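Reading the structure
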Amino acid sequence: MATKPKSVAKSPPPDMRSKIVDALMELAAERRFEDISVRDICKTAGVSLADFREAFPSKGAVLAGFTRRIDRAVLAEHGEELADETPRERLFDILMRRLEAMAPYREGVREAAAWLRREPAAALAMNQVVMSSMRFMLEAAGIEAEGPAGVIKLQGLALAWARIIHVWLDDDDPALSKTMAELDRVLTRGERAAAGVDRLSALASPFAALAQAAFDAGSRARRGGARPSPKGDSGDEDVTAL
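Below or above, wherever it landed, is the structure these notes cover. This is a predicted model, so every value here is computed, not measured.

**As for the overall build of the protein chain**
Secondary structure summary: the protein chain contains nine helices and zero strands in total. Counting from the amino terminus, the protein chain carries its helices and strands in the arrangement α-α-α-α-α-α-α-α-α. The burial tally for the protein chain puts 36% of its 242 residues in the buried class. Sequence-distant contacts, at least 24 apart, represent 65% of the contacts inside the protein chain between residues at least 6 apart. When the accessible surface of the protein chain is summed, it comes to about 15,100 Å², and 57% of that surface belongs to carbon and sulfur atoms.

Structure below.
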């Protein structure tokens, strides 16, 4: 008699994930992050422990899910109305839209930010999540963020974003004047720093090409069973000495 195949676990529906994210942010607005248990989240969200496990591996992962929710809200609104703006102006508008999307969860964000300051390991993991978010924000603004120079830009923007959040949380002005001024300031500084990074990357690219060529030559020599010569065919020194 043939055995009945086991059923394959299905991915949790998006609304379940959304309920869990909502529950965490609601609870974070009321108590310390450390005092929120997974059971508390499940009870508030109206889901089972099995449902939570299927949707997220931890509370920190739920917080990352919240970040992705904000990403989606911002990117879904990104339209042609920003096409005539400069990349810097587009990035300014995009980041302000991000704060607008976060506004309903402000008190939960306040406690989550405080928890990350208390938990360095969680902050390090969250930094990767924020860098990924900032990559899409730069992409939406039409700003290049590839290669080693792109990594530096992303990390710089992630750190700047943390500073902007800090100012935003304490900005009582409905027009967010302090937040906008801080955002303008960090983008101006970031623009200058990014220009320097791009110049350094351009200066370093010939050396990177030489190093790659030397590595490839050495690899071919090793595959051929011969040791690479310290001199090239023309008698020039090996480029790995550069």
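**Details of the environment of serine 18**
Looking at the secondary structure, you find serine 18 in helix H1 (residues 14–28). On the basis of relative accessible area, serine 18 is assigned to the partly exposed category, the value being 29%. In this structure the C-alpha to C-alpha distance between serine 18 and glycine 65, which are 47 residues apart in sequence, comes to 8.5 Å. Only 2.9 Å separates the side chain of serine 18 from the side chain of arginine 69, close enough to count as a polar contact.

**Here's the deal with the environment of leucine 27**
Structurally, the position occupied by leucine 27 is in helix H1. Among the residues examined, leucine 27 registers a relative accessible area of 4% and is labelled buried. Considered as a pair, leucine 27 and threonine 44 are 17 residues apart in the sequence and their alpha carbons are 8.2 Å apart. Not counting chain neighbours up to four residues away, the residues in contact with leucine 27 comprise Ile36, Asp40, Ile41 and Thr44.

**Some points on the pattern of salt bridges**
One pass over the full model with this rule turns up 12 salt bridges. Between aspartate 22 and arginine 69 there is a salt bridge, with the nearest N and O atoms lying 2.6 Å from each other. Of this pair, aspartate 22 sits in helix H1 while arginine 69 sits in helix H4 (residues 59–77), placing them 47 residues apart in sequence. A relative accessible area of 35% means that aspartate 22 is categorised as partly exposed. Salt-bridge contacts for arginine 118 lead to glutamate 34; the nearest nitrogen and oxygen are separated by 2.8 Å. A residue pair is termed long-range when its members are at least 10 positions apart, and arginine 118 in helix H6 (residues 106–118) and glutamate 34 in the loop between H1 and helix H2 (38–45) qualify at 84 residues. Judged by its relative accessible area of 31%, arginine 118 falls in the partly exposed class. The network of salt bridges with shared partners includes Arg32, Glu34, Glu111 and Arg118.

Rules behind the numbers
- Residues numbered from 1 in each chain as written.
- Predicted model: local features only at pLDDT ≥ 70, side-chain atom pairs only at ≥ 80, totals over all residues.
- Heavy atoms only, no water.
- Helix = DSSP H or I, 4+ residues; strand = E, 2+ residues; numbered from the N terminus.
- Buried < 20%, exposed > 50% of the residue type's maximum accessible area, 1.4 Å probe, protein only.
- Contact = heavy atoms within 4.5 Å.
- Areas by Shrake-Rupley, 256 points an atom, 1.4 Å probe, with all protein chains shown as cover.
- Polar contact = N/O pair within 3.5 Å; in protein donor to acceptor, adjacent residues only side chain to side chain.
- Salt bridge = Lys/Arg side-chain N within 4 Å of Asp/Glu carboxyl O.

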